[in-house]
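Chain and residue survey
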Amino acid sequence: MKSSSYLSSARTLSVLMLLAVYLDIDLTRGQLERNGWLNEARQVYAAAYVEGAGQQPSMPQIDVPGVGQISAKKEMVRPNYESWAVRVKRVDGRQWRAVVDGRDSSSLRVQRLQRIAAALGLKDPDKIDGNVPALFRAIERDSTERKVTVPGVDLAFRPDIAPWIIALFTLGFLLLMRNQLGRVLMDEDLAMDEPWIVVDGGRGLERLVAAGWLIAIWAAPWVASGCLLAVFSSQIIVDGAVTTLPRELLACGASLVLVVLGGWASLTTTSDLLRLRRLRQVRLERVRAGDSG
Amino acid sequence: MTFPLPDFEPALEILARHRGWLVAGYLLAVAMCIVGVFIFGIAIFGDAVHYATSPEDVEPVESAVGLWTTMAWIVGWVVLQAVFLWGGGRIQLAGEPVRGRRLAVSLVIMAALMVVLTATMLLPLAEMVDRFLSAEPARRIDLSRALISWPGLVAAMVSWVLWLLLGWQAVRGTDHLTALSRLIGVLLAGSWIEFSVALPIELATRPRTKECPCASGSWLTLVICIPLLLWAVGPALYLLYRRERHLTEGNRRHALKILLRKSIPGRSPSAPPS
């Protein structure tokens, strides 16, 4: 049996997986920050939208180009506290809701949105018409059109979907690696003609690199599922918790399954790698002993 | 029916080789936690992650719990570890299947702690979807009240029995050391999974509960699962020591291998001299 190609493939997969997880961490940090800004922008827009509504309990639904179908009504947003809740259904079907904070100051809205646009990296926010709707449309467009490319598949996904895809791919990579390592372990040669520092690095810096790589493989699915949970939680906040109970149950169940399966796959894959490492080191020891003898 | 477990021997071997460092690290972590609990109360477990990530957001609050109560909690925590390990008598290294009564106390403790972990697993997920103490009355599911209501208590009892049965299946027909290792393995895995779910949710949802951190489900879960995780590591380390002793008693070459590894630099532990 020629198992070298399996080991080589497992090595490539581990690199791809770690790259994807690195991208995931980067994406999550960025997305949490962007969601914070977007949340503030939506509150500013909602406050501007309901300004002048007076004492009426609701506002009729209207279609605002670049934003979506907007409706607003007064709701009990906290116990004993009624306020305007603005609900928006975007053209792509996604929804969000923002509660208007009574302390909002109308004079500073444009400056706040310009600051948000600059923080989000929008080109020349000062050149966008200095009014709330135009600035908000630019911010919303940026959040709608942003895509992230997942390494290994070269497909672009929405930033709130990408962590799910990366977590799934991490699990898939681990299962493929485990399968390939199983084939290598079944082989008498133990793929000795294919070097990999994770299973060969015995001393000094090589040993450190091997330990670091192994720990990274073990941690990868935990990190990927953590990123997924963080981005999902943040998305719920920025969308104003408009999700339905079945969808929430589905998301909770799916994320828990990913956490458990990913954790188990990483534990068993790392264990297989350690077993292969021990067997190969015994073999290398014998080779060295034969050479010196 | 037995549980087919993969071979974790190589990983255990590495952990056993560095067990001295592991114990030192563990004792240091426990000491730091005890000091933290005395100063800030049990809230330290929820706030520690924020001290590490965004210390400017944390307002330290002095513990409202009395000194003696805190002492009682810490002593209880240590005693529970001891009872788990020695509750059924001295650990036998003979390698024969252990009798059920020797494991009864450990099994009961494992099942009870798993019930706590199962119940608190719901809290961070409810926090994630903004259902735990939600500001919006229509979305709010009062989990903390549901868990101490009659249906909640019945569900806890059912869960306890299920964990007992599951634990019994896992340890049936095994020797004492393997049985305890499996029970502690379940607790370690459970608390680690809970921690890895609660931590990212807490970090992401902090803005929602900044003014009152204890109103967060993920914060409450961290307060419960970090001490439990730390609790489970203690017996696991002890069992690692017992495992090494068992291996040494069963195979004299094991001691020789360790001696060789420590004497000849670079020599592989698996290649004893001919």
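Our subject in this report is the structure included herewith.

Definitions and limits used
- Residues numbered from 1 in each chain as written.
- Chains lettered and ligands numbered in written order.
- Predicted model: local features only at pLDDT ≥ 70, side-chain atom pairs only at ≥ 80, totals over all residues.
- Heavy atoms only, no water.
- Helix = DSSP H or I, 4+ residues; strand = E, 2+ residues; numbered from the N terminus.
- Expected span 1.5 Å × (residues − 1).
- Buried < 20%, exposed > 50% of the residue type's maximum accessible area, 1.4 Å probe, protein only.
- Arc of directions from axis to C-beta.
- Contact = heavy atoms within 4.5 Å.
- Buried area = accessible area lost by both parts, 1.4 Å probe.
- Salt bridge = Lys/Arg side-chain N within 4 Å of Asp/Glu carboxyl O.
- Phe/Tyr/Trp six-rings, centres within 6.5 Å; stacked < 30°, edge-to-face > 60°.
- Pairing = 2+ DSSP bridges.
- Axes fitted to C-alpha atoms, helices over the stretch in contact; angles between N-to-C directions.
- Parallel < 35°, antiparallel > 145°, perpendicular 65-115°, else oblique.
- Left-handed = near helix turned anticlockwise from the far one by under 90°.
- Nonpolar A, V, L, I, M, F, W, Y, C, P; charged D, E, K, R; others polar.
- Core = buried A, V, L, I, M, F, W, Y, C linked by side-chain atoms within 4.5 Å.
- Polar contact = N/O pair within 3.5 Å; in protein donor to acceptor, adjacent residues only side chain to side chain.
- Disulfide = S-S within 2.5 Å.
- Patch = residues over 30% accessible without salt bridge, like charges linked within 9 Å, V, L, I, M, F, W, Y side chains within 5 Å.
- Areas by Shrake-Rupley, 256 points an atom, 1.4 Å probe, with all protein chains shown as cover.

1. Overview of helix α4 (residues 67–86) of chain B
Residues and elements named next belong to chain B. If you check α4, its first and last C-alpha atoms are 28 Å apart, about what 20 residues at 1.5 Å a residue would give, namely 28 Å. Taken as a whole, α4 has its buried residues at Thr70, Ile74, Gln81, Phe84 and Leu85. For α4, the buried positions fall inside an angular range of 110° around the axis, keeping them on one side. Structural note: α4 exposes Trp68 and Val75 on the side pointing more than 90 degrees away from its buried face.

2. Considerations on the environment of Ile166(A)
Residue and element names in this part refer to chain A. Within the element layout of this structure, Ile166 appears in helix α4 (residues 162–186). Taking the C-alpha atoms as reference, Ile166 lies 43 Å from Asn80; in sequence the two are 86 residues apart. With near-sequence residues (within four places) excluded, Ile166 lies in contact with Ala20, Val21, Leu23, Asp24 and Val150.

3. A word on the interface of chain A and chain B
Every contact between the two is made by 38 residues of chain A and, on the other side, 33 residues of chain B. Summing the contributions of chain A and of chain B, the shared interface buries around 3,000 Å²; its carbon and sulfur component is 69%. At the boundary of chain A and chain B, one finds 3 salt bridges. A salt bridge links Glu248(A) to Arg139(B); the nearest nitrogen and oxygen atoms lie 2.5 Å apart.

4. A short note on the pattern of salt bridges
Residue and element names in this part refer to chain B. Within the structure shown, the criterion is met by 26 salt bridges over all chains. Asp47 is the partner of Arg206 in a salt bridge, and the nearest nitrogen-oxygen pair spans 3.9 Å. Separated by 159 residues along the polypeptide, Arg206 in the loop between α8 (176–205) and α9 (217–250) and Asp47 in helix α3 (residues 44–53) bring together distant segments of the chain. Accessibility classification places Arg206 together with Asp47 in one group, the buried group. Taking the shortest distance from any N to any O, the salt bridge between Arg208 and Glu127 comes out at 3.0 Å. Highlighted residues: Arg208 in the loop between α8 and α9 and Glu127 in helix α5 (residues 100–128), separated in sequence by 81 residues. On the basis of relative accessible area, Arg208 is assigned to the partly exposed category, the value being 28%. For Glu127, a relative accessible area of 2% puts it in the buried group.

5. A look at the environment of Leu187(B)
Residue and element names in this part refer to chain B. Tracing the backbone through its elements, the reader meets Leu187 in helix α8. Taking the C-alpha atoms as reference points, Leu187 and Ala236, 49 residues apart in sequence, are found 9.9 Å from one another. If we skip the residues at most four places from it in the chain, Leu187 touches Met110, Leu113, Met114, Leu117, Trp231 and Ala232.

6. So, the packing of aromatic side chains
Residue and element names in this part refer to chain A. The final tally for this structure, using the stated rule, is 13 aromatic pairs over all chains. Taken together, a centroid distance of 6.1 Å and an interplanar angle of 55° make the contact between Phe169 and Phe173 tilted. You can see Phe169 and its partner Phe173 sitting in helix α4, 4 residues apart, about one turn around the helix. Residue Phe169 is classed as partly exposed on the basis of its relative accessible area of 29%.

7. Here we look at the pairing of strand β3 (residues 81–89) of chain A
With 5 bridges connecting them, β3(A) and strand β4 (residues 95–99) of chain A associate as antiparallel partners. Counted as the bridge partner of Lys89(A) is Gln95(A) from β4(A).

8. Comments concerning the packing of α4(A) against helix α6 (residues 204–238) of chain A
Residue and element names in this part refer to chain A. Interhelical geometry of α4 versus α6 gives an angle of 160° and a closest axis separation of 8 Å. Viewed along their axes, α4 and α6 adopt a mutual orientation that is roughly antiparallel. Seen from above, α4 lies across α6 with left-handed handedness. When α4 is examined against α6, the residues Pro163, Trp164, Ala167, Thr170, Leu174 and Met177 are found in contact with a partner set consisting of Ile217, Ala220, Pro221, Ala224, Cys227, Leu228, Val231 and Phe232. Considered class by class, the residues forming the contact of α4 with α6 number 13 nonpolar, 1 polar and no charged.

9. Some words on the nonpolar core
Among the nonpolar cores identified, the biggest contains 37 residues, and Phe84(B), Met110(B), Ile184(B), Leu187(B), Leu222(B) and Trp231(B) are the most heavily contacted of them. Looking at this core, the elements that each hand over two or more residues are α2 (19–40), α3, α4, α5, α8 and α9 of chain B. Considering every element that reaches this core, the biggest residue donor is α9(B), with 10 residues. Setting aside its immediate chain neighbours within four residues, Met110(B) contacts Phe84(B), Trp163(B), Gly167(B), Leu183(B), Val186(B) and Leu187(B). Among the nonpolar cores identified, the runner-up in size contains 31 residues, and Val44(A), Ala46(A), Val88(A) and Val238(A) belong to it.

10. Notes on the side chain of Arg131(B)
Within the secondary structure, Arg131(B) sits in the loop between α5 and α6 (143–147). At 2.7 Å, the side chain of Arg131(B) and the side chain of Glu248(A) are in polar contact. Beyond its immediate stretch of four places on either side in the chain, Arg131(B) contacts Thr243(A), Thr244(A), Leu245(A), Glu248(A), Ala126(B), Ala138(B), Arg139(B), Arg140(B) and Ile141(B).

11. Section: the state of the cysteines
The final tally for this structure, using the stated rule, is 0 disulfides over all chains. Left unpaired, Cys225(B) is separated from the closest cysteine sulfur, that of Cys33(B), by 12 Å.

12. Observations regarding the packing of helix α1 (residues 4–50) of chain A against helix α2 (residues 109–119) of chain A
All names here are of chain A. Relative to each other, α1 and α2 sit at 155°, their axes nearing to 10 Å. Relative to α2, the element α1 is oriented roughly antiparallel. Helix-helix and strand crossings are classified by hand; for α1 and α2 the assignment is left-handed. Across the interface between the two elements, Trp37, Glu40, Ala41, Val44, Ala47 and Ala48 of α1 pack against Arg109, Arg112, Leu113, Arg115, Ile116 and Ala119 of α2. Looking at the contact of α1 with α2 residue by residue, the classes come out as 8 nonpolar, no polar and 4 charged.

13. A few points about the environment of Ala20(A)
Looking at the element boundaries, Ala20(A) is found in helix α1. For Ala20(A) and Thr170(A), which are 150 residues apart along the polypeptide, the C-alpha to C-alpha distance reads 7.8 Å.

14. Let's talk about a nonpolar patch on the surface
All names here are of chain B. Together, Val35, Phe38, Ile39, Leu67, Trp68 and Met71 make up an exposed nonpolar region whose accessible area comes to about 630 Å². Looking at the nonpolar patch, the elements that each hand over two or more residues are α2 and α4. By secondary structure assignment, the location of Trp68 is in helix α4.

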